[in-house]
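Close look at the chain arrangement
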Amino acid sequence: MRLPCPICGERDLREFSYLGDAVRLHRPAPDAGTDAWDAYLHLRDNPAGRTRDLWQHEAGCGAWIVVTRDTVSHAVEGAQLAAEMRDAD
Amino acid sequence: MGELEARSPCDVLLPITRGGWTLSEVDTGRITSIAPFAGQEAALSGALQTAYGLGFPEPGHSAEADGARILWSGRRQAFLLGPEPDAALARHAAVTDQSDGWAALHLSGAGCEAVLARLVPLDLRAEVFAPGCTARSLLQHCHVSVTRLDDTGFLILGYRSMAGTLVHELDTAMSSLAARSGA
Ligand SMILES: [Zn+2]
């Protein structure tokens, strides 16, 4: 599998490390309550199809990116810098 | 107190020649990491121009002027090789001396990208990766910075602590390819 780093271009999977669902970018407010924090920390969907995950181009430019891909077809749709998505919020 | 002797990272390991390829250690001079503060990119590039005649490099690029080389080394980061960092840079960027952290290797010889093709998951042929192009990637499991210097040579920066492994990996690939070509 190759992932499209927005900075470096298409790179081999071995250069990346995986973190998990990009829902981690949406951290609840400190006082959001235990349900919101429980969901943020522990509850994950397990989609068959389109999924958005956080990866780090750890052996490349070091950027954190959000990769959109399909868990059924294995097609990789694209990737964005996590920092830019955070700034866009 | 004993007199300590300064040793370069590959002091006892290099140079080696296998077939038509040579791996040697390079003294890059000072290695300075430069990471622009938010919003200071243009000002930093200006300060670099004034001091060295070199702008802040685009991702994947490097440039050289008057004994100074600047190479892109990661997201919002570049390495300045050679001179002392100009005092003006620190106003616009985090400036860190990394000279002792890196082993600098020069792989040279016609077709030496064939050696790297065994080790690095990138297409480093000159048609794709021209002189001046640079990348962060892996050499087997070692994190490296790879820069094409000219048609027949690469500068490879690896962590100093991994210098022995880097040389071993490169020696193995060079030896094996040299044996196959009957050199
Ligand atoms: Zn990258």
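Named according to an unreviewed UniProt entry, chain B is Sarcosine oxidase subunit gamma originating from Thalassococcus profundi.

The name given to chain A in an unreviewed UniProt entry is Sarcosine oxidase subunit delta, with Thalassococcus profundi as the source organism.

What follows is about the overall build of chain B. The helix and strand inventory of chain B stands at three helices and eleven strands. Taking 16 Å as the expected radius of gyration for a compact globule of 183 residues, we find that chain B reaches 17 Å, a close match to that expectation. Counting only C-alpha atoms, chain B reaches 55 × 55 × 30 Å along its principal axes. A total of 183 residues make up chain B; the buried ones form 44% of that total. The long-range share in chain B, meaning contacts at least 24 apart out of those at least 6 apart in sequence, stands at 60%. Of the roughly 8600 Å² of accessible surface on chain B, a fraction of 50% belongs to carbon and sulfur atoms. Across chain B, the mean location of the 13 positive side-chain charges is 6 Å away from that of the 20 negative side-chain charges.

We now examine the sheet that holds strand E9 (residues 134-139) of chain B. Residue and element names in this part refer to chain B. Pairing is antiparallel in the open sheet, where six strands are placed in the order E1-E2-E8-E11-E10-E9. Taken across any chain shown, the strands that pair with only one partner, and hence form the sheet edges, are strand E1 (16-18) and E9. Recorded for the sheet is a direction-independent mean angle of 25 degrees between the axes of neighbouring strands. Relative to strand E2 (residues 21-25), E1 is paired through three bridges, and the arrangement is antiparallel.

So, on to the side chain of Glu15 of chain A. Here Glu15 of chain A is to be found in the loop between strand E2 (9-12) and strand E3 (17-21). On the basis of relative accessible area, Glu15 of chain A is assigned to the buried category, the value being 0%. Discounting chain neighbours no more than four positions away, the residues touching Glu15 of chain A are Gln56, His57, Glu58, Ala59 and Gly60 of chain A together with Pro121, Leu122, Arg136, Ser137 and Leu138 of chain B.

Once that is clear, we can look at the coordination of the zinc ion. All names here are of chain A. Looking at the zinc ion, the protein donor atoms are Cys5 (SG), Cys8 (SG), His57 (ND1) and Cys61 (SG), and they sit 2.0 to 2.5 Å from it. One way to put it: the four donor atoms around the zinc ion meet at angles of 105 to 117 degrees, and that makes the site tetrahedral. Counting residues between consecutive donors of the zinc ion along the chain gives the motif C-x2-C-x48-H-x3-C. Relative accessible area serves as the criterion here: at 4%, Cys5 is assigned to the buried category.

We now examine the pattern of salt bridges. All names here are of chain B. According to the stated counting rule, one finds 15 salt bridges over all chains in the structure shown. Linking Arg30 and Asp97 is a salt bridge whose minimum nitrogen-to-oxygen distance equals 3.4 Å. Of this pair, Arg30 sits in strand E3 (residues 30-36) while Asp97 is found in strand E7 (residues 93-97), placing the two residues 67 residues apart along the sequence. Given the relative accessible area of 23%, Arg30 is considered partly exposed. Take Asp97: its relative accessible area is 47%, and that puts it in the partly exposed class. In the salt-bridge network here, residues are joined through shared partners; they are Glu5, Arg7 and Asp11.

Moving on, we come to the nonpolar core. All names here are of chain B. Counting 32 residues, the largest nonpolar core has Leu107, Val115, Leu116, Leu139, Ile156 and Leu170 as the members making the most contacts within it. No other element matches the eight residues that helix H3 (residues 163-180) contributes to this core. The contact partners of Leu116, leaving out residues within four places of it in the chain, are Leu107, Leu124, Leu139, Val146, Phe154, Ile156 and Leu170. Counting 13 residues, the second-largest nonpolar core is a separate cluster that includes Leu44, Leu54, Ile70 and Leu80.

Cut-offs and rules
- Residues numbered from 1 in each chain as written.
- Chains lettered and ligands numbered in written order.
- Predicted model: local features only at pLDDT ≥ 70, side-chain atom pairs only at ≥ 80, totals over all residues.
- Heavy atoms only, no water.
- Helix = DSSP H or I, 4+ residues; strand = E, 2+ residues; numbered from the N terminus.
- Rg over C-alpha atoms; globule rule 2.2 N^0.38 Å.
- Buried < 20%, exposed > 50% of the residue type's maximum accessible area, 1.4 Å probe, protein only.
- Contact = heavy atoms within 4.5 Å.
- Areas by Shrake-Rupley, 256 points an atom, 1.4 Å probe, with all protein chains shown as cover.
- Lys, Arg positive; Asp, Glu negative; His and termini not counted.
- Charge placed at Lys NZ, Arg CZ, Asp CG, Glu CD.
- Pairing = 2+ DSSP bridges.
- Axes fitted to C-alpha atoms, helices over the stretch in contact; angles between N-to-C directions.
- Donors = N, O, S within 2.8 Å, 3.2 Å for Na, K, Ca; no water.
- Tetrahedral: all angles 85-135°; square planar, octahedral: opposite > 155°, others 65-115°.
- Salt bridge = Lys/Arg side-chain N within 4 Å of Asp/Glu carboxyl O.
- Core = buried A, V, L, I, M, F, W, Y, C linked by side-chain atoms within 4.5 Å.

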